[in-house]
Amino acid sequence: MMDNHFADIILPLAVKGTFTYAIPETAAGSIFEGSRVLIGFGNKKLYSGIVNRIHDIPPAGRQARTIERILDPYPVVSSLQLKFWSWIADYYMCSLGEVMKAALPSGLCLEGVTTIPVAEKYRPKTETFVRLASDFTASHLNEILDKLSKAPKQYDLLVDYLRLSGYAGGLPPKPVLKTLLLIESHSSAAACEALIKKNILTAVSLETGRLTDCNTTPEPPKTLSNDQNVALESLRKCFEDKDIALLFGVTSSGKTEIYIHLIEEQLKKGKQVLYLLPEISLTTQIIQRLNRHFGSTTGVYHSRFNNQEKVEIWNRVAGRGNGKNYNLVIGARSALFLPFTGLGLIIVDEEQDGSYKQHDPSPRYNARDSAAVLAALHGAKTILGSASPSIESYYNAITGKYGLVELKQRYGSIRMPDIILANTREAYRKKLMVSHFTPQLLEAMDDALGREEQIILFQNRRGFSPYIECPECGWVPSCVQCAVSLTYHKSERKMVCHYCGFSTAIPHHCENCNSTGLSSRGFGTEKIEDEIRIVFPSARVARMDQDTTKGKNSFDRLIRSLEEKQTDILIGTQMISKGLDIENLTVVGILNADNMLNFPDFRAHERSFHMMEQVSGRAGRRQKIGKVVIQTSDPDNKIIRLVVNHDYKNLFRIQAEERKAFNYPPFCRMIKISLKHKDRSLLNEFAEILGRDLRNIFGKRVLGPEYPLVSRIQLWYIKNIILKLEKEKSSAASRQLIRETVERLEGHKGASSLKIAIDVDPY
């Protein structure tokens, strides 16, 4: 028997560790670390797993089951990827199987199959092509054409084939898509079939793929301004002794153009580049810009692609794209898991954005932090870009862990937008409000529309109104599964829970006192859209939120409409706050700044500053001066005053002082443990046990257990425990102690129905 005849397999399941299987002797030399294999697991169920390690150590105490089949002739996952998966699983305290499930396109994951032979989820897309049936000489082809002179349709079709195949231009003839040939030659399928029967042409089925390739001729990067050149040279200098640099540039300072120059340098070296963005909605304009410079080597990866397309992107990044490989990938956080073969640079744009953090399901990773680890594994560099960096990244930069490069002026010395504070409290008192709009905002919008300029209105809450209330007794319709009120969605004629998706009809009367005078309270993007159409009836209005962007191309459609000046006013949630670069957009309205500021979270003020600074930066990005109207009931709020002055440095100073005083990141590490149970009393019991056991180890570093703001979701009651750990102490040792404590709790009687989720860096 050969050496190394056992393999440890990762399964796409939330189970601890790997599982040892015997390698069949027939598979000698054809199975590798990273290979995808079919194995039996559990009660007659088959799964595709990934080989994590090949060795010669039989499993203790049991007979190893044999691998059923090797699914691919090559490793699907590289050894470097396996190292990255292992780091994610260890640092974020989850299983390798959960990382595998997040990393691999589901088209490559077979789960719970019960029959053999197994049908793969992914099938290459093929189409019918035609080509010459033999290697005809030129004289032979002339003879064939002479004979076809009495069959003019067949003659025309063959001539068109020779033109489309390149043969008429002196090139070796290539297969031509059959449907294209019939369209170009204005011929019928019968004429084509006749040539096939005469053995002049033959039909072949070839793999074509589902992805649309960019066929534009690449343009050279633009000449940089003096400020941009200085920043570019500073980044290069940073990378001489540091692997990570923070590019801190005000909105519209030209960070993307600097990225383009750095990308070109890496591609010329034969390296790959990953360009991460926090929102899918941001990819449209960036793709257009990068396609102009880098053409068909540019790929995109995010959740809106279907499973078949994701597998094709995976293969192109791995270098198995039949000559159509991707060296530059633009993507959301999941693009980190693609099978890069030689990364030279990772760009994390809008690095401060909370969307880089995966909250549910596991792995609960932060793509910004994980990108730095992935880059280090490849020996690559990482750029974190932002107009208002996260407190953690800026702290790392000023303390020397990261390099720091600043761009303090907008490109072309364009002025920052004028920011006006509109006092809603005073406007309501003086009865000057028109619906939810202050006189200052209406005046700015009226002026902009008169000049045929465009406007965005930012309200970070979707739906028509947050809740409906009975004015008689205060009854509010709530979710039957979650401890939250239902949001009123007028267009869908439903009350919807934004936590579990439960929906119900709009109530006609109060379920408590039977009153029929129910009133909507507060406002969301849907209500703003309705009211703007009334206030500005001739304006062309669109809305961008989770409800209007469910379709695959919905983002592209909305942004294209804005670019082509077919939309005058765009209303939206945080989707519109970043990345939009619209020349004619001059007015931004922030409708309810107080809503963001008054959230019970240690990052509320930082996030509010980021959001307002980012959305303000959408205005006046060319020669026209921008105007931003911030509606607030507290215009003297210190954070809003910092936004008015674009004063990030003072925001950092205030936040750093507060966090140091109360021991929050970046001055400590945080780990959140969430316990869930459908029985409230049992949850309390288990939470107290875990809290006590953790306090025995970590002492006063343990906070809780406490109920969160939303204490029940999908019938599961929730309690949280927070650990604040010193940065100087071993993070790995602390995580191991937490694992052991949680495992002891899971061994308690009745704990089988308890769910425990661990979230490392839960912010």
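Our structure's up above, just so we're on the same page.
Residues numbered from 1 in each chain as written. Predicted model: local features only at pLDDT ≥ 70, side-chain atom pairs only at ≥ 80, totals over all residues. Heavy atoms only, no water.

Visitor: Let's hear about the sheet that holds strand β8 (residues 201-207): which residues, and what values?
Guide: The strand order β7-β6-β8 describes an open sheet built from three strands, whose pairing is antiparallel. Sheet topology places β7 (176-177) and β8 at the edges, where each strand pairs with a single neighbour. (Pairing = 2+ DSSP bridges. Helix = DSSP H or I, 4+ residues; strand = E, 2+ residues; numbered from the N terminus.)

Visitor: Describe the side chain of arginine 316, naming the residues involved and giving the relevant values.
Guide: For arginine 316, the position within the fold is in helix α10 (residues 307-317). Its relative accessible area of 6% is what places arginine 316 among the buried residues. When sequence neighbours within four positions are dropped, the list of residues in contact with arginine 316 reads Leu211, Asp213, Gly321, Lys324, Asn325 and Tyr326. (Buried < 20%, exposed > 50% of the residue type's maximum accessible area, 1.4 Å probe, protein only. Contact = heavy atoms within 4.5 Å.)

Visitor: I'd like a rundown of the packing of aromatic side chains, residues and numbers included.
Guide: Taken as a whole and judged by the stated rule, the model has 17 aromatic pairs. Measuring from ring centre to ring centre gives 5.2 Å for tyrosine 395 and phenylalanine 667, while their planes differ by 70°; the resulting arrangement is edge-to-face. Separated by 272 residues along the polypeptide, tyrosine 395 in helix α12 (residues 391-398) and phenylalanine 667 in the loop between α20 (648-662) and β27 (669-677) bring together distant segments of the chain. Judged by relative accessible area, tyrosine 395 falls into the partly exposed class, the value being 24%. Considering the side-chain rings of phenylalanine 602 and tyrosine 664, the 4.6 Å spacing of their centres and the 15° angle between planes classify their relative orientation as stacked. Separated by 62 residues along the polypeptide, phenylalanine 602 in the loop between α17 (593-597) and α18 (604-616) and tyrosine 664 in the loop between α20 and β27 bring together distant segments of the chain. Site record: aromatic cluster; members linked through ring pairs are Phe248, Tyr394, Phe609, Tyr648 and Phe652. When the ring centre of tyrosine 707 is taken as origin, the NZ or CZ atom of arginine 680, which lies over that ring, is 4.6 Å away. Against the face of tyrosine 664 rests lysine 724, its NZ or CZ located 3.6 Å from the ring centre. (Phe/Tyr/Trp six-rings, centres within 6.5 Å; stacked < 30°, edge-to-face > 60°. Lys NZ or Arg CZ within 6 Å of the ring centre and 35° of its normal.)

Visitor: I'd like a rundown of the packing of α18 against α20, residues and numbers included.
Guide: Viewed as axis vectors pointing N to C, α18 and α20 meet at an angle of 165°, and their least axial separation amounts to 10 Å. Looking at the two axes, α18 sits roughly antiparallel to α20. Here α18 runs over α20; the crossing is left-handed. Where α18 abuts α20, its residues His605, Glu606, Phe609 and His610 lie against Tyr648, Leu651, Gln655 and Arg659. Partitioned by chemical class, the residues of the contact of α18 with α20 number three nonpolar, three polar and two charged. (Axes fitted to C-alpha atoms, helices over the stretch in contact; angles between N-to-C directions. Parallel < 35°, antiparallel > 145°, perpendicular 65-115°, else oblique. Left-handed = near helix turned anticlockwise from the far one by under 90°. Nonpolar A, V, L, I, M, F, W, Y, C, P; charged D, E, K, R; others polar.)

Visitor: Hey, could you go over the pattern of salt bridges for me, with residue numbers and the actual values?
Guide: Under the definition given, this model contains 39 salt bridges. Here arginine 368 and aspartate 369 are joined by a salt bridge, their closest N and O atoms 3.0 Å apart. A relative accessible area of 9% means that arginine 368 is categorised as buried. With a closest N to O distance of 3.5 Å, arginine 653 and glutamate 657 form a salt bridge. Pair noted here: arginine 653 and glutamate 657 are both in helix α20, with a separation of four residues, about one helical turn. (Salt bridge = Lys/Arg side-chain N within 4 Å of Asp/Glu carboxyl O.)

Visitor: Go over the nonpolar core, please, and point to the residues and values.
Guide: One recurring pattern in soluble globular proteins: nonpolar side chains tend to sit buried together. With 141 residues, the main nonpolar core has Trp85, Leu104, Tyr275, Ile590, Leu723 and Ile738 as its most contacted residues. Look past the residues within four positions of tryptophan 85 in its chain and what remains in contact with it is Ile10, Ile50, Val77, Leu96, Val99, Met100, Ala103, Leu104 and Phe337. (Core = buried A, V, L, I, M, F, W, Y, C linked by side-chain atoms within 4.5 Å.)

Visitor: I'd like a description of the state of the cysteines, backed by residues and values.
Guide: All chains considered together, the criterion is met by zero disulfides. Cysteine 513 forms no disulfide, and the closest cysteine sulfur to it belongs to cysteine 470, at a distance of 3.6 Å. Assessed through its relative accessible area of 35%, cysteine 513 is described here as partly exposed. (Disulfide = S-S within 2.5 Å.)

Visitor: I'd like a description of the environment of isoleucine 196, backed by residues and values.
Guide: Take isoleucine 196: it is sitting in helix α6 (residues 189-197). As for isoleucine 196 and histidine 677, which are separated by 481 residues in sequence, their C-alpha atoms are 68 Å apart. Sequence-distant contacts of isoleucine 196, defined by excluding residues within four places in its chain, comprise Leu201, Thr202 and Ala203.

Visitor: Residues and numbers for the environment of tyrosine 402, please.
Guide: Here tyrosine 402 shows up in the loop between α12 and β15 (403-407). Taking the C-alpha atoms as reference points, tyrosine 402 and alanine 203, 199 residues apart in sequence, are found 58 Å from one another. Leaving out residues up to four positions away in the same chain, tyrosine 402 has contacts with Lys242, Ile244, Leu384, Ser393, Asn396 and Ala397.

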